[in-house]
Structures are given as C-alpha cells and as structure tokens.
Amino acid sequence: MKRREFLNSSLLAATASLTGLRAAYAVVGTGEVPDVAAVTGDGRAITLKGAEVREFAVAMRGAVLVAGDDGYDKARQVLNPSFDKHPALIAQPTGSADVQTAVRFARAHDLLVAVKCGGHSASGQSTCERGLQIDLSHMRGVRVDPKARRAWVEGGTLLGLVDHECMAHGLATPLGTVSHTGVGGLTLGGGFGRLARRFGLAIDNVESVDIVTADGQLRHASAQENQDLFWAVRGGGGNFGVVTTFEFRLHPMQREVIAGEIAFPFARAKDMLGMWAEYAATAPDELYIDPSLYLPPGGGSGVAYLEVCYSGPAKDAERALAPIRKLGTPSSDGIKTRDYVLVQRANDSSDNRTLGTYLTGGFIPRVPAALVSTIVDNFRGDPGRHTILFCQHCGGAAGRIPENATAFAQRDAVANMMAVAGWTMGAGDPAPHMQATREYWSKLEPFTRGFYINDLPREITARDISSNYRGNLPRLKSVKRQYDPTNLFRLNANVQLG
Ligand SMILES: Cc1cc2nc3c(=O)[nH]c(=O)nc-3n(C[C@H](O)[C@H](O)[C@H](O)COP(=O)(O)OP(=O)(O)OC[C@H]3O[C@@H](n4cnc5c(N)ncnc54)[C@H](O)[C@@H]3O)c2cc1C
C-alpha cells in the first residue's frame, strides 16, 4: 500500500449528491420549523428563527438540510474524517440562483460560511461547526466546445468528469492528480497536476469565471470584465465568492501517455532522490516526476518510488526517462503506455474515510544534496501510522508565468514537498502522529520558500498566510475590500483586511 491508496477516494462525496434532494421538504414541510442555533463568522452564537429558515428553504430549488435530515450526515462529511463538524444548515444549490439565495441568507445573518466542492481541503475548511455549509455537489457538469477548445465546468464538479468529457474530443486542460478532487478548490488555489509543466497550472487555463460575490450578485470575471476579480480568483482561493462556472481553455492531447510507478527498496532512497534533484528542473515540460517515500503502519519495510507521466511524443519517451533508467534495476516497474484518463483515475478505487490524515507542506525552489539527506535520514515510521513524504513536480510552463500575472505567487518552485501522516480513526490518539510529522517538517521547512494555499495545515497563522501571498497581497486586499468587505468567505487561505 502506498500513499495513493491511502489518500485516495471519496465515493461518499460522489454519492452524497444523490441523497439530499428530498430533504428540502424536511425543512419546508407543513410543520413548524424550529429555531436553529448557529454562529457568525467571528464566532458569536446566534439563533436563526424557524420562520426565516423556512423562508430560505422555500426560496431554494435545491435542499436546505438540518441535522437529522436525510443526506445531512453525508453532505457534512469531508474527505478527511478527522474533521467531524456539524453545520447549522447545509444548502445544496442546484445552480447560480440558489447560490445567490444562500449567500444572501448568510450575509443577512452574518453566518459563518463554508463552501464545499470536492471536500479535499487538508485542514477541513469546507465544513464548519454551526455555520452554513454551501455544498456544491448538485452542481456538477461539463460542457465542451471542441471547435472553440473551451470547457464550461460547474463549480461543484470533480476533476475526473472534466478529463473524461474533454478527452472524448482529444482535448485536455491541466488539473490535479486524483480524479475525485474538486475543480473548485483545486483551481482557485492554483492547480498542479501531471500536465502543469506542459500547459501551466489550472488557473493559467481559466478563461473566465461566473462567481457569486458576498453581496449575492452573480458576476462574470475575465480578462475583459471585472479584471481585478479575475486576477484574484486565480490563486487567491475561495476568498472572493462562490464560483458557479469555470471556463477552461483546452489543449489538443493524445489519449495515450507513458505513465506509472517505478519503485526501489528504501535503502536506495537517496540515489532516487539524488537523480530527481539533478533532473527535476531540467526535465522536458512533458515529463512529470513525483518522488515519494512511504512507510506503512505495523513496521513493514519502506519503499521509495517515482510516479511518472510523460505526455510528449512516444518516440522521445525513453530519452526523457533515461535518468530514471540509469538508477538500475527497480523493485517494480509499472511505467508503460496508458490511457491518460485512467491514469488520472488510478487512485479512485477505494474509500479511505476511516483514515484520518495530517498534511503539511511547502514549495522548494531547488533540491540541494542537504535536502535529500535531511528527507531520508529523518524519515521515521510508527506502528500506528502511514508515513509519507512526496514532492509534486512544478516548473516548466507553470514556472514561466510572472508572479504577479495571477494571485498565485510561488512560480519559482521546482516542487511542492509534502509530509503526511495517516491513522485509523478510533485506533488511539492521533496527536503523536501529527506531532511526529510537525517535528519531521521542522527539519525540512528551512529548505522551503512559501507553501501551497491548497495544502493549508491546521495550525497555520494569519501572518503566515499573508506573507505567503508575497507582493500580491496589497492587490488581493484591495479586491477583498471591494467584493467581500465583511469577510463572509473566511474559511480559506484568508486575505484579512486591517
Ligand atoms: C487526495 C488529494 C489529492 C490532491 N491532489 C492534488 C493535486 O494533484 N494537485 C493540486 O494542486 N492539489 C491537490 N490536492 C489539494 C487540493 O487542491 C485542495 O485540497 C483543494 O482545496 C481541493 O479542492 P476541493 O474542491 O476538493 O476541496 P473542498 O474541501 O471542497 O474546498 C476547499 C476550499 O476551496 C474553496 N472552494 C471550493 N470550491 C469552490 C467554489 N466553487 N467557489 C468558491 N470557493 C470554492 C473553499 O474555500 C473551500 O474551503 C489534493 C488533495 C487531496 C486530499
């Protein structure tokens, strides 16, 4: 079992969308709706009058769920089960009009708001305790215009649907590496994946968005319209509103890629990482190499492996892969010609919601030998946890875009390095696993420069977030002031005014 198997799958996220439909009637049915205890964005306890909740639910075409309704428990769940929160209300919009209604209701009551697309947030930002969760799982759909090479993707869609629909026309847009991740969260924070070195980040391929801002207005933002807002949503996360549609630029893309995992005994981890350290910055744009170290719980032997995807011309593949081949005989070699859409889906086979996780990470601008030694020499497992270190390959086309062209500031990274712990829920106190990961990370962090806002660890401070936006912070603040002056959208890498 490797990192993919344990980080993967949220079948529940996909099925949640089917179950909530009836529940609108639970709230709006003939009986009295009881008052609902809730909290404001800054944590003040409030009571939502039953009649107001009823009026809200009647105005929505989709469901409004309260605890006890069918679908409430599935909707409030996020991928990481160590976040077990109970929103006061869950709104399940079926389109932009419902999103507007939900945002206006939240604004009128100053409610704490969480926005959920794929539910993958590492720090559980897409659920909340006693606030309003806007669950976009009923807004999933993709329309492709092959001639114009554009795809319009609804704000609650998961990545796999986009890959599937686009590839039917021999087209692709670069998204992430796990197909049940949400397009919403992934794209707004940046969006790294197997094609990012070739075509740029997900945000670099966004042509426009439709977004419901904190005043409840539906706005279109593009290079021609609401330009500041368009700039800010590309890397500024969920700070500015709820995106109901993304318009992506598509690229011609062959269905077959050379991809898979090649593994080495853990004793060869330094050789493997040393090769990657030398090659990562100069590899062709079509090559994505993601090195990982993994130690299973229960004291099994560790493994070092590379996840590879080469999407260039097949005749050039072996030349691109030559530095990997020079590492010598692997313990297993799964690199072969594969269907790109299936590669993107390869990790979706099971539901791991019994595994709690803790993740922390940071961007590395280079991979000095000292980093390789620090990674390997300090990598320690524990009988009670999965222990993982991996580096998502950046650079290439994504690195050639100026830092101020979008709100995403870390264009200089060669990789996004992440340390992860996973534990079985209910099998003991997870605190030592999180602490061990923090201690490991304290040795690696000096090699990092900034972090990916989509990998916010739980203990991040407002100051860390602000400095991470680098020179883009003043413009982000000015857009935040214009579109969300009361910080309605705060469960994210929050741009704080003041
Ligand atoms: C298994 C796994 C694999 C991953 N792989 C990758 C990867 O390959 N590349 C990569 O770049 N990242 C990856 N990530 C990180 C991922 O980008 C973030 O976790 C991201 O937040 C997930 O988006 P989501 O919609 O699934 O999350 P959610 O938890 O649903 O949302 C996270 C946040 O995004 C915002 N948001 C979501 N949708 C909208 C919307 N429509 N409008 C406004 N705001 C919205 C909200 O602020 C919300 O709090 C991965 C994470 C996991 C757990």
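What counts and how
- Along each chain, residue indices are assigned from 1 in the same order as the chain's sequence is written.
- Whole-chain, interface and lining totals are the exception, using all residues; otherwise, since this is a predicted model, local features are given only for residues with pLDDT of at least 70 and side-chain atom pairs are given and counted only at 80 or more.
- Only hydrogens and water are removed before side-chain values are computed, so all heavy atoms of the structure are retained for them.
- We call a residue near a given molecule or strand whenever any one of its heavy atoms falls within 4 Å of it.
- Polar contact is the term for a pair of N or O atoms within 3.5 Å; when the atoms are in protein, one must be able to donate a hydrogen and the other to accept it, and sequence-neighboring residues count only if both atoms are side-chain atoms.
- Secondary structure elements follow DSSP: runs of H or I of four or more residues count as helices, runs of E of two or more count as strands, with numbering from the N terminus.
- Residue type decides the class: Asp, Glu, Lys and Arg count as charged, Ala, Val, Leu, Ile, Met, Phe, Trp, Tyr, Cys and Pro as nonpolar, and the leftover types, Gly among them, as polar.
- A 1.4 Å probe rolled over the protein chains alone gives each residue an accessible area, and that area as a share of the maximum for its type sets the label: buried under 20%, exposed over 50%, partly exposed in between.
- Note on contacts: a residue pair qualifies if any of its non-hydrogen atoms lie within 4.5 Å across the two residues.
- In short, DSSP must find at least two bridges between two strands for them to pair.
- Throughout, nonpolar core names a set of buried Ala, Val, Leu, Ile, Met, Phe, Trp, Tyr and Cys residues whose side chains join them through atoms within 4.5 Å.
- Fitted lines through C-alpha atoms give the axes, limited to the stretch in contact for helices. The angle between two N-to-C directions lies from 0 to 180 degrees.

Here the focus is the site of the ligand. Surrounding the ligand, one finds 34 residues, the nearest of these being Gly119, Ser126, Thr177, Phe192 and Tyr452. In the model, an oxygen atom of the ligand is placed 2.6 Å from a nitrogen or oxygen of the serine 126 side chain. Examining the composition of the shell around the ligand, we find that four residues originate from one element, helix H8 (residues 183–189), more than from any other. Looking at the shell around the ligand, its residues break down into 13 nonpolar, 19 polar and two charged.

Here leucine 295 lies in strand E15 (residues 287–295). By relative accessible area, which is 14% here, leucine 295 ends up buried. Along the sequence, leucine 295 and alanine 421 sit 126 residues apart, while their C-alpha atoms lie 10.0 Å from each other. When residues no more than four places from it in sequence are discounted, the contact partners of leucine 295 are Gly300, Ser301, Gly302, Phe379, Arg380, Gly381, Arg385, His386 and Thr387.

Right, let's get into the pairing of strand E21 (residues 415–424). Burial analysis of E21 places nine of its 10 residues in the buried class, the great majority of the element. Sheet topology note: the strand E19 (residues 355–364)/E21 ladder contains 10 bridges and is antiparallel. Counted as the bridge partner of threonine 357 is glycine 422 from E21. Two strands pair when backbone bridges link them, and strand E20 (residues 386–393) and E21 are joined in this way by eight bridges, in the antiparallel orientation. Note on E21: the bridge partner recorded for phenylalanine 390 is methionine 418.

Below, the discussion takes up the nonpolar core. In terms of nonpolar packing, the biggest core is built from 41 residues, with Trp276, Leu287, Leu293, Leu306, Ile375, Leu389 and Met417 touching the most fellow members. Counting residues per element, this core draws most heavily on helix H11 (residues 269–279), at six residues. For leucine 306, the residues in contact, after removing those within four places along its chain, are Gly260, Glu261, Ile262, Phe264, Met272, Met275, Ile289, Asp290, Pro291, Ile324 and Leu327. Among the nonpolar cores identified, the runner-up in size contains 39 residues, and Ala221, Phe240, Phe451 and Tyr483 belong to it.

Across the sheet, five strands lie side by side as E7-E8-E12-E10-E11; this open sheet has antiparallel pairing. With one partner strand each, in any of the chains shown, strand E7 (142–145) and strand E11 (218–222) form the two edges of the open sheet. Between one strand axis and the next, the sheet turns by 15 degrees as a mean value, whatever way the strands run.

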